[in-house]
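As a plain string of letters, each chain reads:
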Amino acid sequence: MKLFLLEDDDAIGMGLKYSLEKEGYDVVHMKTKAEAQDAFSTNTYDICILDINLPDGNGYDVCKFIKEKEDVPVIFLTASDAEVNVVMGLEMGADDYVCKPFRINELMARIKTVLRRSGKGLADSGAERSGILEIKNVRIHTSEAKVGLFDEVTGKEEMVELTALEYRLLLAFYNNRGVVMSRNQLLEEMWDVSGDFVNDNTLTVYIKRLRDKIEKDPAKPQIIKTVRGLGYILEK
């Protein structure tokens, strides 16, 4: 998964490059508008993270240049969450934005969400490439939107009935493996343009129902774990 990073601040850029490479991304780091345009003239990338303020221009210009060349997912890094900045970036074709200062886990989660929405992602196994995602004994059949529990003793798979929102919640956890997800992040994942909305109390109910259906012992969950005071995590 080739990731393009445009960030003129050396400390932030080097830190992000290190963290992203630990997550398995092949990172190309540039610092200026000119370098970015040269890089895109000779290479292709799976996703771009663009800082807005640059020494020789701005990230908006780079985003426009990229989008004219090919449809690559773009996330803006901005020092302000002012509505005008956000709207301008989205109108340019950006897929998301993250305000500085930000937590690295938040950015990782946003990257995975954008990649998922664009139909891209890091393939970890042959099963994943064939449309079957595996979490311990849980198998997610993405082509059919079905979930099964595999019994290693009998070699059989028992299908479980999940609602659309339960299925979406499970996918949200899978797409953010190894990242602690706050309740707010999960609520954002559970709401979309179709009008589905989940409030904080209902989220608790959905997590309990999902655990009841996929955990061997829901009282002591080993798949979707609680991180006290922070949220939940599905470990890699």
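Fair warning: this is a prediction, and the values are worked out from it, not measured in the lab. (Residues numbered from 1 in each chain as written. Predicted model: local features only at pLDDT ≥ 70, side-chain atom pairs only at ≥ 80, totals over all residues. Heavy atoms only, no water.)

S.K.: What is the right way to read the side chain of Thr113 from this model?
M.R.: Following the sequence through the fold, Thr113 ends up in helix H5 (residues 104-117). Each residue touching Thr113, except ones within four places of it in the same chain, is listed here: Asn176 and Glu189. (Helix = DSSP H or I, 4+ residues; strand = E, 2+ residues; numbered from the N terminus. Contact = heavy atoms within 4.5 Å.)

S.K.: Any chance you could explain the pattern of salt bridges here in plain terms?
M.R.: A side chain with one charge may pair with a side chain of the opposite charge, provided their charged atoms come close. Tallied over the full model, the rule gives 15 salt bridges. Note that Lys33 is salt-bridged to Asp61, the shortest N-O span being 3.5 Å. Residue Lys33 is located in helix H2 (residues 33-42), and its partner Asp61 is located in helix H3 (residues 59-69); the two are separated by 28 residues in the primary sequence. Assessed through its relative accessible area of 32%, Asp61 is described here as partly exposed. (Salt bridge = Lys/Arg side-chain N within 4 Å of Asp/Glu carboxyl O. Buried < 20%, exposed > 50% of the residue type's maximum accessible area, 1.4 Å probe, protein only.)

S.K.: Where do I start with H5 in this structure?
M.R.: For an α-helix the count is 3.6 residues per turn, leaving residues at separations of three or four pointing the same way. Along its 14 residues, H5 runs 20 Å from first to last C-alpha, staying within 8% of the 20 Å computed at 1.5 Å per residue. Counting buried positions along H5 gives 10 out of 14 residues, so the element sits mostly inside the fold. For H5, the set of buried residues is Glu106, Leu107, Met108, Ala109, Arg110, Ile111, Lys112, Thr113, Val114 and Leu115. (Expected span 1.5 Å × (residues − 1).)

S.K.: When you look at the sheet that holds strand S7 (residues 96-99) in this model, what are you seeing that I'm missing?
M.R.: Consider a sheet: its strands pair through backbone hydrogen bonds, and that pairing is either parallel or antiparallel. Spatial ordering of the open sheet is given by S2-S1-S3-S6-S7, a layout of five strands whose pairing is parallel. Looking at the sheet topology across the chains shown, the edges are occupied by strand S2 (26-30) and S7. In this sheet, neighbouring strand axes are inclined to one another by 20° on average, regardless of whether the strands run parallel or antiparallel. Summarising the sheet, strand S3 (residues 47-51) and strand S6 (residues 74-78) pair through four bridges and their orientation is parallel. In the sheet register, Cys48 faces S6, and the bridge partner there is Val74. Along the sheet face, H5 touches strand S1 (2-6), S3, S6 and S7 and points at about 175° away from the line of S7. (Pairing = 2+ DSSP bridges. Axes fitted to C-alpha atoms, helices over the stretch in contact; angles between N-to-C directions.)

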